Amino acid sequence: MSSLRPSRRLVLAGLGAAGLLAAHRRPVRAAGLDTINIDFATYNPVSILLKDKGWLEEEFKADGIAIRWVQSLGSNKALEFLNAGSLHFGSSAGAAALVSRINGNPVRSVYVYSRPEWTALVTRADTGIKTPADLKGKRVAVTRGTDPHIFLIRALAEAGLKEADIQLVLLQHGDGKAALLRGDVDAWAGLDPIMAGAEVADGAVLFFRKPDWNTYGVLNTPESFASERPRIVSRVLAVYEKARLYAIANPAELAASLVAIAKLPDPVIARQLTRTDLSSSKIGAAQKETILGAGLALQAAGVVKPEVDVKAVVDALIDERFNLAAR
């Protein structure tokens, strides 16, 4: 159920976030930094609202630092952009960030933008697929390196299957939905809001759901950027916090912003938001536990090498230095 209703606690937290913004607003023009590159994504509703409001542009105007918005179509793309140096801040699932770090991408997860149930296994009503075990030998669309991909691997493992037991069709999320509806694949590891669109508008069936396997939505930054420009990171996150609290207090405006970007009907976005919890942005023990569980499951499935110390990588990934005291 969506956690979007305002409360006295949220109002106080908003005042705290405003105070933090004021405290961090001293000019900090760092040598060589004239633009902050940050992503927006339909799977991160707060980022859409933040982009629409222009609050980051306002925050850094006096410093002469511009904001460049880049759309991420999936965790894999956001993490690729971070690794390539074309983003300073990118949205991803926590487990996707973990796998990326295991693979050598030195990212740090510094903020939680949502706790969603944003992925499930999806099929058409006419396929007869009821459980993950039914996927053996079937064509399954997935976006490699994302939470839906990790979700699929865990579902297969629980059913006693491996990736080799299915026909993996690698597509970005929107193309995966289209392939399913055309009949080019038998199932799809879905991602909201595209998944909600397939469900609401096209009668697609979410045949396997497990909310606890959906890892948190996290905002990541390169390790070097977090170390070299901690005040910039703190200021960005303080503005993000302002947007998160505003989103909770103004759900209709949040939905309208998401509808405009996703170009999906209101009922589809409403379905996504009922599965999106924005109630807390503190990063720490809860995220470590969930992401560690996903990492160990991937290791047991043979996706992560046995010699990898998954817990150590999780500890290196989660950066609690920037948690806002007001939360």
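No experiment lies behind these values; they were computed from the predicted model shown. (Residues numbered from 1 in each chain as written. Predicted model: local features only at pLDDT ≥ 70, side-chain atom pairs only at ≥ 80, totals over all residues. Heavy atoms only, no water.)

### Let's talk about the overall build of the chain
Okay, step 1: Counting secondary structure elements, the chain contains 14 helices and eleven strands.
Okay, step 2: Taking all 327 residues of the chain together, the buried fraction comes to 54%.
Okay, step 3: Across the chain, contacts joining residues at least 24 apart in sequence account for 81% of those joining residues at least 6 apart. (Helix = DSSP H or I, 4+ residues; strand = E, 2+ residues; numbered from the N terminus. Buried < 20%, exposed > 50% of the residue type's maximum accessible area, 1.4 Å probe, protein only. Contact = heavy atoms within 4.5 Å.)

### Observations concerning the pairing of strand β7 (residues 167-170)
Okay, step 1: Here four bridges tie strand β6 (residues 139-142) to β7, and the two strands are oriented parallel to one another. Pairing of R139 across the sheet is with Q167, part of β7.
Okay, step 2: Tracing the backbone out of β6, into helix α6 (residues 147-158) and back to the parallel element β7 gives a crossover that is right-handed. (Pairing = 2+ DSSP bridges. Right-handed = clockwise from strand over helix to strand, strands pointing away.)

### A few points about the sheet that holds strand β8 (residues 187-189)
Okay, step 1: A sheet is described by the order of its strands in space; here five strands give the open sequence β7-β6-β8-β5-β9, paired in mixed fashion. Either end of the sheet is taken by a strand with one partner, and the two such strands are β7 and β9 (205-208). Shown here is a sheet whose adjacent strand axes are inclined to one another by a mean of 35°, direction ignored.
Okay, step 2: Most of the contacts of helix α7 (residues 173-182) go to β8, to which it runs at about 165°, and overall it touches β5 (121-123), β6 and β8. (Axes fitted to C-alpha atoms, helices over the stretch in contact; angles between N-to-C directions.)

### Notes on the nonpolar core
Okay, step 1: With 73 residues, the main nonpolar core has I36 and L56 as its most contacted residues.
Okay, step 2: Looking at this core, the element that brings in the most residues is helix α10 (residues 230-249), giving nine residues.
Okay, step 3: Those residues within four positions of I36 in sequence are excluded, and the remaining contacts are F60, I65, A66, I67, R68, H88, F89, I232 and V236.
Okay, step 4: Judged by nonpolar contacts, the second largest core, of 16 residues, contains F151, L161, A187 and F207. (Core = buried A, V, L, I, M, F, W, Y, C linked by side-chain atoms within 4.5 Å.)

### Section: the sheet that holds strand β3 (residues 90-93)
Okay, step 1: If you walk across this open sheet you meet the four strands as β3-β10-β4-β11, and the pairing is antiparallel. The strands lining the two open edges of the sheet, one partner per strand, are β3 and β11 (276-277).
Okay, step 2: Bridge count between β3 and strand β10 (residues 217-222): four bridges; the pairing is antiparallel. Across the sheet, the residue bridging to S92 is V218, located in β10.
Okay, step 3: Its contacts with the sheet put α10 on β3, β4 (107-116) and β10, and the angle it makes with β4 is roughly 5°.

### Observations concerning the confidence of the model for the chain
Okay, step 1: On average, residues of the chain score 91 in pLDDT, and 90% of them reach the 70 mark or higher.
Okay, step 2: Overall, residues 5-30 carries pLDDT values under 50, and its contacts beyond four positions in sequence, including any with other chains, amount to 40 contacts. (pLDDT = per-residue confidence, 0-100.)

### Regarding the layout of surface pockets
Okay, step 1: One number sums up the size of the largest pocket: a volume of about 450 Å³.
Okay, step 2: If you list the elements that add at least two residues to the lining of the largest pocket, you get α4 (75-84), α5 (94-102) and α6.
Okay, step 3: Of the residues belonging to the lining of the largest pocket, the class tally is nine nonpolar, nine polar and four charged. (1 Å grid on protein atoms, 1.4 Å probe; cavity = no way out; pocket = protein on both sides within 12 Å on 5 of 7 lines; lining within 4 Å. Points joined across faces, edges and corners; volume = space filled by probe spheres on them. Nonpolar A, V, L, I, M, F, W, Y, C, P; charged D, E, K, R; others polar.)

### Let's talk about the packing of aromatic side chains
Okay, step 1: Overall, the coordinates contain eight aromatic pairs when judged by the stated rule.
Okay, step 2: Taking 5.7 Å as the distance between ring centres and 85° as the angle between the ring planes, the aromatic pair formed by F89 and F225 counts as edge-to-face. Highlighted residues: F89 in the loop between α4 and β3 and F225 in helix α9 (residues 223-228), separated in sequence by 136 residues.
Okay, step 3: Seen in terms of ring centroids, Y113 and W118 are 6.5 Å apart; in terms of plane orientation they differ by 55°. Their pairing is tilted. Here Y113 and W118 have matching classes, each one buried.
Okay, step 4: Three or more aromatic residues joined by ring pairs form one cluster here, namely Y43, Y113 and W118.
Okay, step 5: The ring of F40 is capped by K51, whose NZ or CZ atom sits 5.0 Å from the centre of that ring.
Okay, step 6: The ring of W55 carries the charged tip of K242 above its face, separated from the ring centre by 4.3 Å. (Phe/Tyr/Trp six-rings, centres within 6.5 Å; stacked < 30°, edge-to-face > 60°. Lys NZ or Arg CZ within 6 Å of the ring centre and 35° of its normal.)

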